[in-house]
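One-letter residues, chain by chain:
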Amino acid sequence: MKRKMIFALVILAMFIGSVSAAETIVGDYKFNIPDGYEQDHSQDITSQKTDINSMPCHVDSKTFSKYFQHVTITVTSPDSGKLPDYMKSYYGGGHDSQLKGMDGYVSLDGRDYVYSYVHDGDWIVIKTDDLYGIENIIVA
């Protein structure tokens, strides 16, 4: 009986932990932010103009932190047309990967892991020090 009770409490704790993630919108995309992370509004970027290979784009970005951990999500959208799929490997030095059905590219940038992918012509980059947490951030 005690084992069943402990098992039930563990399952309940896992369920509560899984629904405690907050959602945020970056660009036109929804992402999950792990529990306990706070948004650093001083790092927000909203519709900043840039060019990629002479293609006018705009960038949206949000950064979240929890103690010494962080998550930065950046969405680069072309003003017209679509960014090419090869943009997913822009950071280089990594390898192809697939998370939540998104064909992307995982690389290491200093001590941070970078997962980048192109979705609907937009370049999405998630940068964090927690490789295993990236999949939980993506909402497919």
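Keep in mind that what you see is a predicted model, and the values were worked out from it rather than measured.

Engineer: Where do I start with the overall build of the protein chain in this structure?
Structural biologist: Scanning the protein chain from N- to C-terminus turns up two helices and 10 strands. The buried share among the 140 residues of the protein chain stands at 34%. Within the protein chain, counting contacts between residues at least 6 apart in sequence, those at least 24 apart form 44% of the total. As presented, the protein chain carries roughly 8,900 Å² of accessible surface, and 54% of it is formed by carbon and sulfur atoms.

Engineer: Any chance you could explain the side chain of aspartate 112 here in plain terms?
Structural biologist: With respect to the element layout, aspartate 112 can be found in strand S9 (residues 112-119). Buried and unpaired, aspartate 112 has lysine 127 as its nearest opposite-charge partner, separated by 4.4 Å. A distance of 3.0 Å separates the side chain of aspartate 112 from the side chain of histidine 70, its partner in a polar contact. Among all residues touching aspartate 112, those that are not within four sequence positions of it are His70, Ser107, Lys127, Thr128 and Asp129.

Engineer: Sorry if this is basic, but what is going on with the pairing of strand S1 (residues 22-26) here?
Structural biologist: Regular strands place their side chains on alternate faces of the sheet. Bridge analysis of S1 against strand S2 (residues 29-33) gives five bridges, and the strand direction is antiparallel. Within the sheet, the bridge partner assigned to glutamate 23 lies in S2 and is asparagine 32. Linking S1 to S2, which pair antiparallel, is a turn of two residues; within it glycine 27 sits at a positive phi near 65°.

Engineer: Help me out: how do you make sense of the pattern of salt bridges in this one?
Structural biologist: Close approach of charged atoms allows side chains with opposite charge to pair. Applying the stated rule across the entire model yields three salt bridges. With a shortest N-O distance of 3.6 Å, aspartate 79 and lysine 49 are connected by a salt bridge. You can see aspartate 79 sitting in the loop between strand S6 (69-78) and strand S7 (95-99) and its partner lysine 49 sitting in strand S4 (residues 45-52), a full 30 residues away along the chain. Of the residues examined, aspartate 79 reaches a relative accessible area of 39% and is grouped as partly exposed. Judged by relative accessible area, lysine 49 falls into the exposed class, the value being 60%. Among the salt bridges present, the one from aspartate 109 reaches lysine 127, with a minimum N-O distance of 2.7 Å. Placement of the pair is aspartate 109 in strand S8 (residues 102-109) and lysine 127 in strand S10 (residues 122-128), with a sequence separation of 18 residues.

The rules behind each value
Residue numbers here run from 1 along each chain, matching the order of that chain's written sequence. Totals for whole chains, interfaces and linings use every residue, but because this is a predicted model, local features are given only for residues with pLDDT of at least 70 and side-chain atom pairs only at 80 or more, for both listing and counting. Excluded from the side-chain calculations are hydrogens and water; all other atoms, namely the structure's heavy atoms, are used. Under the scheme used here, helices are H or I runs from DSSP no shorter than 4 residues and strands are E runs no shorter than 2 residues, and both carry numbers assigned from the N terminus. Each residue is placed in one exposure class: buried if its accessible area under a 1.4 Å probe, protein chains only, is under 20% of its type's maximum, exposed if it is over 50%, and partly exposed if it falls in between. Should any heavy atoms of two residues lie within 4.5 Å, those residues are considered in contact. Residue exposure ignores everything except the shown protein chains as possible cover, and the areas themselves are Shrake-Rupley values with a 1.4 Å probe. Under the counting rule used here, the positive set is Lys and Arg, the negative set is Asp and Glu, and His together with the chain ends is not counted. The term salt bridge refers to a pairing of a side-chain nitrogen on Lys or Arg with a carboxyl oxygen on Asp or Glu at a separation within 4 Å. In protein, a polar contact means a hydrogen-donor-capable atom and an acceptor-capable atom, both N or O and within 3.5 Å, with residues adjacent in sequence counting only if both atoms are side-chain atoms; elsewhere, any N or O pair within 3.5 Å suffices. Paired strands, as defined in this entry, are two strands with at least two bridges between them according to DSSP.

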